[in-house]
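# Observations on the model geometry
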Amino acid sequence: MSYEKVNQANKTIIGTKQTVKALKSGIVQEVIVAKDADDRMTEQIIQLAREKGIPIEFAESRLKLGKAYGIHVGAAAVAITG
């Protein structure tokens, strides 16, 4: 699934802290991480998603990921919930 197509998803959670919280609470179906995001910001997200068997997609950039979800700034990570 491409991150451009996920806009119709039930709910999106934008940002690293919120994504980590959502992963820990078990409500995430998919995670999208920007390739140009700082590894220190995204390593916990990627690790948690892998541990829980949640699919991980990678966006080309933080700016493109942010724009895809309707914000005018970059986003390092987005969680898709059901």
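- Under the annotation held in an unreviewed UniProt entry, the chain carries the name 50S ribosomal protein L7ae-like protein and is attributed to Planococcus liqunii.
- The Sequence similarities (unreviewed entry) comment attached to the chain in UniProt states, word for word, "Belongs to the eukaryotic ribosomal protein eL30 family."

### Description of the overall build of the chain
- On a plain count of helices and strands, the chain comes out with 3 helices and 4 strands.
- Moving toward the C terminus, one meets the helices and strands of the chain in the order β-α-β-α-β-α-β.
- The buried share of the chain, reckoned over its 82 residues, is 43%.
- When contacts within the chain are restricted to residue pairs at least 6 apart in sequence, those whose partners lie at least 24 apart make up 75%.
- Roughly 5000 Å² of accessible area belongs to the chain as shown, and the carbon and sulfur atoms make up 48% of that amount.

### Observations concerning the pattern of salt bridges
- A full pass over the atoms with the stated rule returns 3 salt bridges.
- Linking D36 and R62 is a salt bridge whose minimum nitrogen-to-oxygen distance equals 3.9 Å. With D36 in the loop between β2 (28-34) and α2 (39-52) and R62 in helix α3 (residues 62-68), this pair connects stretches of sequence that are 26 residues apart.
- Among the ionic pairs, D38 bridges to R40, the shortest N-O distance being 2.8 Å.
- In this structure D38 comes out as partly exposed when scored by relative accessible area, which is 30%.

Each value, and the rule that gives it
- Residues numbered from 1 in each chain as written.
- Predicted model: local features only at pLDDT ≥ 70, side-chain atom pairs only at ≥ 80, totals over all residues.
- Heavy atoms only, no water.
- UniProt positions renumbered as here; feature names shortened; annotations may be inferred.
- Helix = DSSP H or I, 4+ residues; strand = E, 2+ residues; numbered from the N terminus.
- Buried < 20%, exposed > 50% of the residue type's maximum accessible area, 1.4 Å probe, protein only.
- Contact = heavy atoms within 4.5 Å.
- Areas by Shrake-Rupley, 256 points an atom, 1.4 Å probe, with all protein chains shown as cover.
- Salt bridge = Lys/Arg side-chain N within 4 Å of Asp/Glu carboxyl O.

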